[in-house]
Amino acid sequence: MNPFTVRLDLHGDLDFFLRSGARRRSIERSLGEKTSVKDVIESCGVPHPEVDLILVNGQPVDFDYAITGDTDIDLYPVGTGIPQFKKQRLQATTTSRFVADGHLGTLVRNLRLLGFDVAYDPQAEDRQLLTVMKHENRALLTRDRRLLMHAVVETGYCPRSQKADEQTVEVIRRFDLLRSLAPFARCLRCNAPLRKVSKAEVIERLEPLTKIYYEQFRRCTGCGQIYWAGSHFSKLQKRLEKIRANCA
């Protein structure tokens, strides 16, 4: 097979995945053999879960499409693209169940605080993350683009920002979660749902001042951790309202 040229045009923020200092909208690759469009895309550093629409010479294709000659490829992330190709989108746009890698602990806390189901083990290896993702039907959150490129990953996202609150806004926007927020409904420690309990049910576990000043409590259905609206509660509310406002 004679060598041929593939030109990729990256739309939206997909140029985030190109090497620092080399970010540009167009890339050319010279190929000498039949290659799947997925392999071409990921050879440029763009993980396949970040690509929602692929146009080859103006026509939509999936990741298995084989490139055999000179080709123009347009790549679009979720939330961008050409309206007439709505049915050819490649990514799930809504999910509320996640698994996160060990470097995203503060993002995990934020998402749990907002009521979202996020599996998290700071010591988990890549293999464990992929197993949880697949067996529990979760979307993978990681800044490790190589991990996102793993063939078994169907739905995932790489937060662009290194700041947890900005990452939280990104995830909410990416998966259309704004209307699904349920603050203070999930345990920050173990991820299990919280259940309202009477003061009498937990009074033996409360500190003396807590017994005096607070009447409403929730208990984790998993680890048993007790929650109440203590002195830190107003700060958390303000933080969540800021995140919510930035998502709008």
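In what follows, the structure referred to is the one given above.
For the structure given in this document, a descriptive report is provided here. Bear in mind that the values here come from a model prediction, so they are computed numbers and not experimental data.

Moving on, we get to the environment of Asp144. Mapped onto the elements, Asp144 comes out in the loop between β10 (139-141) and α4 (145-148). Sequence separation between Asp144 and Asp101 is 43 residues; the distance between their C-alpha atoms is 8.7 Å. Non-local contacts of Asp144, meaning those with residues more than four positions away in its chain, are made with Asp101 and Asp126. Among the polar contacts made by the side chain of Asp144, one reaches the main-chain amide nitrogen of Arg146 at a distance of 3.0 Å.

Here helix α5 (residues 164-174) crosses helix α8 (residues 233-247) at 50 degrees, and the two axes come no closer than 9 Å. Considered as vectors, α5 and α8 are oriented oblique to each other. Note that α5 runs across α8; the crossing there is right-handed. Contacts between α5 and α8 involve Asp165, Thr168, Val169, Ile172 and Arg173 from the former and Arg239, Ile243, Asn246 and Cys247 from the latter.

Below, the discussion takes up the packing of aromatic side chains. In this description, a pair of aromatic rings is defined by centroid distance and the angle of the planes. Applying the stated criterion to the full structure yields four aromatic pairs. Ring centres of Phe16 and Phe17 lie 5.1 Å apart, and the angle between their planes is 85 degrees; this geometry places the pair in the edge-to-face category. With respect to class, Phe16 is no different from Phe17; both count as buried. Here the aromatic rings of Phe184 and Phe233 are separated by 4.7 Å at their centres, their planes lie at 40 degrees, and the arrangement is tilted. Residue Phe184 is found in the loop between α5 and β12 (194-197), and its partner Phe233 is found in helix α8; the two are separated by 49 residues along the sequence.

Conventions and cut-offs
- Residues numbered from 1 in each chain as written.
- Predicted model: local features only at pLDDT ≥ 70, side-chain atom pairs only at ≥ 80, totals over all residues.
- Heavy atoms only, no water.
- Helix = DSSP H or I, 4+ residues; strand = E, 2+ residues; numbered from the N terminus.
- Contact = heavy atoms within 4.5 Å.
- Polar contact = N/O pair within 3.5 Å; in protein donor to acceptor, adjacent residues only side chain to side chain.
- Axes fitted to C-alpha atoms, helices over the stretch in contact; angles between N-to-C directions.
- Parallel < 35°, antiparallel > 145°, perpendicular 65-115°, else oblique.
- Left-handed = near helix turned anticlockwise from the far one by under 90°.
- Phe/Tyr/Trp six-rings, centres within 6.5 Å; stacked < 30°, edge-to-face > 60°.
- Buried < 20%, exposed > 50% of the residue type's maximum accessible area, 1.4 Å probe, protein only.

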